[in-house]
Amino acid sequence: QVQLVESGGGLVQAGGSLRLSCAASGGTFSRYVMGWFRQAPGEEREFVAAISWSGGITAYADSVKGRFTISRDNGKNTVYLQMNNLKPEDRGVYYCAGRKGNIVARARNEYDYWGQGTQVTVSS
């Protein structure tokens, strides 16, 4: 059973940066596509970014393109989300997710495993 544990969330001022981490255990990390999703209060969970096995293919939501960067270290079984120039609308609980296969998917139901989430708050 794959387990995902996120860390790195917190409170930051608009324009600031945060780096989220997601540590995986219990599976073959290098064979999972990894993604980040977020959910603001009262809203649906939405796609943020995803990365292929090798890291050679990435995908981003239009709202974060150019500000966020997803990366992975297969030797450490960890995926990262570097978030720069944060905006108040980036607030929410950020979830790490993993899926079998090598399709860099954007839909929630394409992912098999989920972490518990880490809170990101951006003050204006």
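Here goes a summary of the coordinates provided. These numbers come from a predicted model, not from an experiment. (Residues numbered from 1 in each chain as written. Predicted model: local features only at pLDDT ≥ 70, side-chain atom pairs only at ≥ 80, totals over all residues. Heavy atoms only, no water.)

## Comments concerning the sheet that holds strand E3 (residues 18-25)
Filter applied, for reference: Paired strands are those between which DSSP finds at least two bridges. Secondary structure follows DSSP: runs of H or I at least 4 residues long count as helices, runs of E at least 2 residues long count as strands, and numbering of each begins at the N terminus. Helix axes use the C-alpha atoms of the stretch in contact, all axes being lines fitted to C-alpha atoms, and the angles between their N-to-C directions lie in the range 0 to 180 degrees.
Spatial strand order, E1-E3-E8-E7: four strands in an open sheet with antiparallel pairing. Each edge of the sheet is formed by a strand with only one pairing partner; in this case those strands are strand E1 (3-7) and strand E7 (68-73). Between one strand and the next, the sheet's axes are offset by a mean angle of 15 degrees, whatever the strand orientation. In this sheet, E3 lies alongside E1 in antiparallel orientation, the contact comprising five bridges. Bridge pairing in E3 links glutamate 6 to cysteine 22.

## Quick notes on the pairing of strand E11 (residues 118-123)
Along any regular strand the residues' side chains alternate between the sheet's two faces. What counts, and what does not: Exposure classes here rest on a 1.4 Å probe applied to the protein chains alone. A residue is buried below 20% of its type maximum, exposed above 50%, and partly exposed in between.
Side chains Thr118, Val120 and Val122 project from E11 onto a buried face, and the interleaved Gln119, Thr121 and Ser123 project onto a face without burial. Strand direction decides the pairing type here: strand E9 (residues 92-100) and E11, joined by three bridges, are antiparallel. Paired with valine 93 across the bridge in E11 is glutamine 119.

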